[in-house]
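Here's the letter readout for the chains.
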Amino acid sequence: MKCTIKLPQQQAHTSVPMGTNLLEALRSGGYIVDAPCGGRGTCGKCKVTVNGEEVLACQWEITSDLTVI
């Protein structure tokens, strides 16, 4: 099953398989996301807002359609 990631600030969206890591999904879609810790969740630089909640993109598993700011 595919999930849609909406990126309103870029007026774009992309679809990825359910269970994909958000950081990986954003990077594979061509978006530059700073994560100097290599996705281990220790630096906090990949913090984004997902459906109104602040999360670390490297620690978020996509389970449904979402909006990322």
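Criteria and cut-off values
- Residues numbered from 1 in each chain as written.
- Predicted model: local features only at pLDDT ≥ 70, side-chain atom pairs only at ≥ 80, totals over all residues.
- Heavy atoms only, no water.
- pLDDT = per-residue confidence, 0-100.
- Helix = DSSP H or I, 4+ residues; strand = E, 2+ residues; numbered from the N terminus.
- Core = buried A, V, L, I, M, F, W, Y, C linked by side-chain atoms within 4.5 Å.
- Buried < 20%, exposed > 50% of the residue type's maximum accessible area, 1.4 Å probe, protein only.
- Contact = heavy atoms within 4.5 Å.

## Here's the deal with the confidence of the model for the chain
- Mean pLDDT over the chain stands at 91; residues scoring 70 or higher make up 100%.
- Per-element mean pLDDT across the chain ranges from 87 in strand β2 (residues 12-17) up to 95 in strand β4 (residues 53-56).

## Things to note about the nonpolar core
- With 20 residues, the main nonpolar core has Ile5, Leu22, Leu26, Ile62 and Val68 as its most contacted residues.
- If you tally residues by element for this core, the top one is helix α1 (residues 22-28), at 4 residues.
- Those residues within four positions of Val68 in sequence are excluded, and the remaining contacts are Ile5, Lys6, Leu7, Pro8, Gln9, Leu22, Val48, Thr49 and Val50.

## A look at the environment of Gly41
- Looking at where Gly41 falls in the secondary structure, it is placed in the loop between α1 and β3 (47-50).
- Classification of Gly41 as partly exposed rests on a relative accessible area of 27%.
- Residues Gly41 and Glu61 lie 20 residues apart in sequence; the distance between their C-alpha atoms is 13 Å.
- Each residue touching Gly41, except ones within four places of it in the same chain, is listed here: Leu56, Cys58 and Gln59.

## Notes on unusual backbone geometry
- Of note in this structure, Asn51 is not a glycine but carries a positive phi near 50 degrees.
- By the element assignment, Asn51 lies in the loop between β3 and β4.

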